[in-house]
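Descriptive structure summary
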Amino acid sequence: MNGISDEKRSDSQINLGQIVGNDHKYELSVSNETPEDATARRAREMAEAELKRKMTYSLFCFALLVVGVVFGGCVYLFAVGTVEDKKWAAGIISAIASGLIGFLVGQGRK
């Protein structure tokens, strides 16, 4: 009886060395996702990506607004302020300007 089960096992096994050639590539993938699940997953991923883009854009606009207000305030103080106000306003203006130039140069290299 043991000899019969060994024969059945050897018949059901596949020798991959006989199948795979030198110039062939094989990939095994197992998917237990139904088409409905795949559609729902893709819709959820698209909604999450859209939300992430909107949040990133909102944060960018907020940061741009804050930097613009600070820059405008410093320019105003530089124009009408005292000598002490002009010193720190000039430092902030130069920091904002150099950051903007660095950002634009970095974008130009991509």
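So, a few notes on the structure that sits alongside this text. All chains use their own residue numbering, which begins from 1 and follows the written sequence. Since the coordinates come from a predicted model, pLDDT governs what is reported: local features require at least 70, and pairs of side-chain atoms require 80 or more to be given and counted, while whole-chain, interface and lining totals use all residues. Working from all heavy atoms in the structure, the side-chain values ignore hydrogens and water.

**Some thoughts on the overall build of the protein chain**
Here is the rule: Here a strand is any run of E in DSSP of at least two residues, a helix any run of H or I of at least four, and the numbering for each starts at the N terminus. In this scheme, a residue with accessible area under 20% of its type's maximum is buried, one over 50% is exposed, and one in between is partly exposed, where area comes from a 1.4 Å probe on protein chains only.
Counting secondary structure elements, the protein chain contains 4 helices and 0 strands. If you list the helices and strands of the protein chain from N to C, you get α-α-α-α. Taking all 110 residues of the protein chain together, the buried fraction comes to 5%.

**Section: a nonpolar patch on the surface**
Counted only if it meets this: Here the term patch refers to residues with relative accessible area over 30% and no salt bridge, with like charges joined within 9 Å and nonpolar side chains (Val, Leu, Ile, Met, Phe, Trp, Tyr) within 5 Å. Here, Shrake-Rupley sampling with a 1.4 Å probe gives the accessible areas, and only protein chains in the shown set may cover a residue. Note on definitions: salt bridges are taken to be side-chain nitrogens of Lys or Arg within 4 Å of carboxyl oxygens of Asp or Glu.
There is a patch of nonpolar side chains on the surface, built from Phe62, Leu65, Val66, Val69 and Val70 and spanning about 460 Å² of accessible area. Within the secondary structure, Val66 sits in helix α3 (residues 35-80).

**Considerations on the pattern of salt bridges**
Under the defined criterion, the tally for this structure stands at 4 salt bridges. Salt bridges here are not isolated pairs; linked through shared partners, they connect Glu33, Arg41 and Glu45.

**Here we look at the packing of α3 against helix α4 (residues 83-108)**
Short version of the rule: All axes here are fitted lines through C-alpha atoms, helices being fitted over the stretch that makes contact, and every angle between N-to-C directions spans 0 to 180 degrees. Take the far helix as your reference; a near helix turned counterclockwise from it by less than a right angle gives a left-handed crossing, and one turned clockwise gives a right-handed crossing. We call two residues in contact whenever any of their non-hydrogen atoms come within 4.5 Å of each other. Lys, Arg, Asp and Glu make up the charged group, whereas Ala, Val, Leu, Ile, Met, Phe, Trp, Tyr, Cys and Pro make up the nonpolar group; the residues left over, Gly among them, are polar.
As a packed pair, α3 and α4 sit with axes 8 Å apart at the nearest point and diverge in direction by 145°. The way α3 lies across α4 gives a crossing that is left-handed. For the pair α3 and α4, contact is made by Val67, Val70, Phe71, Cys74, Val75, Leu77, Phe78 and Ala79 and by Asp85, Lys86, Trp88, Ala89, Ala90, Ile92, Ile93 and Ile96, respectively. Tallied by class, residues from the contact of α3 with α4 come to 14 nonpolar, no polar and 2 charged.

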